[in-house]
Amino acid sequence: MAFQGKKLINDPNDVVTEFIEGLVETYPDLQYLDGFPEIKVVVRADVSSATYDKVAVISGGGSGHEPAHAGFVGEGMLTAAICGDVFASPPVDSIVAGIRAVTGTKGCLLIVKNYTGDRLNFGLAAEQAKSEGYKVEMVIVGDDCALPPPRGIAGRRGLAGTILVHKVAGAAAAAGLPLADVAAEAKNASQLVGTMGVALSVCTLPGQVTSDRLGPGKMELGLGIHGEPGAAVVDLQPVDVVISHVLEQILSAETQYVPITRGSRVVLLINGLGATPVMELMIAAGKAVPKLQLEHGLAVDKVYTGSFMTSLDMAGFSISIMKADQAILQRLDAPTKAPSWPVGVDGVRPPAKIPIPVPPSYSRKIAEDPIRPEELNVHGLILEAGIEAAAKAVINLKDSLNEWDGKVGDGDCGSTMFRGATAILDDMKYYPLNDAAETVNEIGSSIRRVMGGTSGIIYDIFCKAAYAKLKESTVSVVTPKQWADALEASIAAVSKYGGASAGYRTMLDALIPASAVLQERLNAGDDPSTAFVLSSEAALSGAESTRDMQAQAGRSSYISAEILASVPDPGAMAAAAWYRAAALAIKDKCQAL
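Per an unreviewed UniProt entry, the recorded name for the protein is Dak kinase, and the organism is Macleaya cordata. The record in UniProt for the protein states the following under Sequence similarities (unreviewed entry): "Belongs to the dihydroxyacetone kinase (DAK) family."

*Asks:* How do you make sense of the packing of helix α10 (residues 398–408) against helix α18 (residues 570–592) when you look at a structure like this?
*Replies:* Helix packing geometry: the angle between the two helix axes and the distance between the axes. Packing of α10 against α18 leaves a shortest axis separation of 9 Å and a crossing angle of 160°. Of the possible angle classes, the one that applies to α10 and α18 is roughly antiparallel. Contacts between α10 and α18 involve L401, W404, D405 and V408 on the former and, on the latter, P570, M573 and A574. Residue composition of the contact of α10 with α18, grouped by class: 6 nonpolar, no polar and 1 charged.

*Asks:* Would you mind showing me how to read the domain arrangement of the protein here?
*Replies:* By a frequent convention, interface size equals the accessible area lost on bringing the separate parts together. Examined at the domain level, the protein breaks down into domain 1 (10–141), domain 2 (187–202 + 219–337) and domain 3 (378–592). The C-alpha-based centres of domain 1 and domain 2 are spaced at 26 Å. Facing 19 residues of domain 1, the contacting portion of domain 2 comprises 14 residues. Both sides together, the interface formed by domain 1 and domain 2 hides about 1400 Å², and carbon and sulfur atoms give 62% of it. For the side of domain 1 that touches domain 2, the leading source of residues is strand β6 (residues 136–141), giving 3 residues. For the side of domain 1 that touches domain 2, the class distribution of residues is 10 nonpolar, 5 polar and 4 charged.

*Asks:* Sorry, what's going on with the UniProt feature "binding site: substrate" (unreviewed entry) in the protein here?
*Replies:* Look at the UniProt record and you will see "binding site: substrate" (unreviewed entry) annotated at G62, S63, G64, H65, K113 and D118. Topologically, H65 is positioned in the loop between β3 (56–63) and β4 (80–86). Residues in contact with H65, not counting those within four places in the same chain, are F87, I225, H226, F308, M309, T310 and S311. Its place among the elements puts K113 in strand β5 (residues 108–113). The exposure class of K113 is buried, given its relative accessible area of 1%. If sequence neighbours within four positions are ignored, K113 has contacts with G60, G61, H69, D118, V141, G158, T162, I225 and M309.

Criteria and cut-off values
Residues numbered from 1 in each chain as written. Predicted model: local features only at pLDDT ≥ 70, side-chain atom pairs only at ≥ 80, totals over all residues. Heavy atoms only, no water. UniProt positions renumbered as here; feature names shortened; annotations may be inferred. Axes fitted to C-alpha atoms, helices over the stretch in contact; angles between N-to-C directions. Helix = DSSP H or I, 4+ residues; strand = E, 2+ residues; numbered from the N terminus. Parallel < 35°, antiparallel > 145°, perpendicular 65-115°, else oblique. Contact = heavy atoms within 4.5 Å. Nonpolar A, V, L, I, M, F, W, Y, C, P; charged D, E, K, R; others polar. Domains from an automatic or database assignment. Buried area = accessible area lost by both parts, 1.4 Å probe. Buried < 20%, exposed > 50% of the residue type's maximum accessible area, 1.4 Å probe, protein only.

Below you can see the structure in the form of C-alpha cells.
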C-alpha cells in the first residue's frame, strides 16, 4: 500500500534553497548567490571573478545527492556548485551565473555527470559563457560499471566516482596549472574510475509517495542515483557476497570499463546512499580491501568511507575503484577546505549572501518586461487560446506523467512539466501576443526560469529555434506554412542538441509525425485549423507508439524492455497532449471569430 514518505521539511518546493541556507550557516567559507529560488549556486567565499588568478572548477547537478555537490566547494576542490531541483538538472541561467561569479582570467572547468539533462544544460551554459569572453572547458564523467555497454547515445551514468575527479581537478587548479592541463588531469581521472551501486530500498522524493518497488527480502544491483531501476533485483545477500559481485563487475576484463589489471595500485571509495549506517559502510570497506588484495591482486593505497554522493534516503552503498599512480595520489592528498572531504574549517564568517553577477554587456532593465497589448488582434486571440489550452492540458496530465515516469525514470516528469505550464499561464499577461515570434521567445524564457532537468532545456531550445525561424520573415502576420516550418526547425534543433531522432522514445516521436502530417495537409490545400487537428492525431498515435520502442536517449535507456513496454514515454505523451489541446482550441477559436 502506497503512503506519503516522512520528511523533516517544510514546503517540498523549498528543500533545496533551505538546504543551501543551512549549509552556508554551518560552513563560513561558503556563500550563495542571491537569486533564490531560480538561481541556486554555492561559491567559495574567498573567490571573486575580478581577482581570482587560478582555474575555477565548477560542478553540479540535481539536488538530493548531498553532500554532492555543494559540500565539496572549498579551496583545493570545487570553486562553485550549481544546484538544480531534486534530481533535476540545474537551469542554464544558474550555471552561467556560477561561471560569472568565480571565473577569472584563467578560465573554468565544468565537471559534469553523464546524464542528458546535465550535458545539455552545462553545454549550453558553456557556449553562453564563451560568447561572453570566458575560457571554458568541460569534462563528462561516466563511471557506471553496472550495465552492459548501452545502446543509443546515453552512455554510462555519472556516479560517485565523480567526487574523486573533483578532488584531482581541484588540486591541479590549486597548484596553478593552466586550464588545458587541469582539464586533461580531470579527463584522465574520469577514465580511471569505475562505480557500481547496491540498494536495499528506493528513495522517496520530498512530498511524494514512497515507492514499493523493492519488496521485503529484496535488494537491487546496479541502480543509478535517482532511484531508477538497476540491472537486477535479487534476494538479499550477505555483504561478503555482494562485495564480491560488485568488485567483479567493476573489474570485469570483458567490459574493460576501467584499465585496472593485477598488480595495479588503486583507491577505494565506499559511498553511502543516504540511509546506510556508518557501521554497515565500515563493514563493506573492511571486506572490500582484502578481496581487492587477495582475489584481484591489487594494491589498495587509500580507502575513503562515508557519504559522498547520496540518493536522498536510499539504503545501500556504491563502490568506486580508481587506478592510482603517484600523480593521482598527490592530487588526492593535496590540502582542501571542502567541508565534506572532510576537513576542518576556519576563518571569519563573511556575509552568507552575495549578489548575482551580470554579464558586462547587460543593459536591459529587469523592469522592462514585455507588455501585453491593450487590444489583441485576431491572430493574438487565436494564439492566446492555443497557449492557454496547451498549458492547461499539461497541468491536467501531471499525475499521469509522474506515474509513467516513476516506472521508467525518476518520477518527476509531470511535476517538471507542471511548473513550466503554470509559469506560462502566470506570464501570459506579459506576452506580446500580437507578435507571434516574440511570444514564442517569451514562452521559452518562462520555461527556462522554472523548469529544470532535460525537459526544461529541451523546450527552451525548441522555443528558441522556432523564434529564430519565425523572425526570418519580414511579414508581420505569421502564415500557417511559416508555423509549420517553425515546428520543423524546432524538431531539428532538439534532435541536433539532444541527439535523439524518430524511434528513440522521446517527445520527438510525437512531434515528428505531427510535423509531417501538418506539412502534408497544408500542401494539399486543407483548411489550416483542420490540418492542425489532423496533425495532432498523428502526435497522439506517435506518443502511444513509444510503448513498443527501446529507449536510446535519457534515463529510460537504462530500463529493460519489459518495463518500458508497460508505459508510453512520458515526454512524448506530454508533447502530444499540449499539441492536441492547442489544435482543438485554435480550431474552435477560428470558427468563433
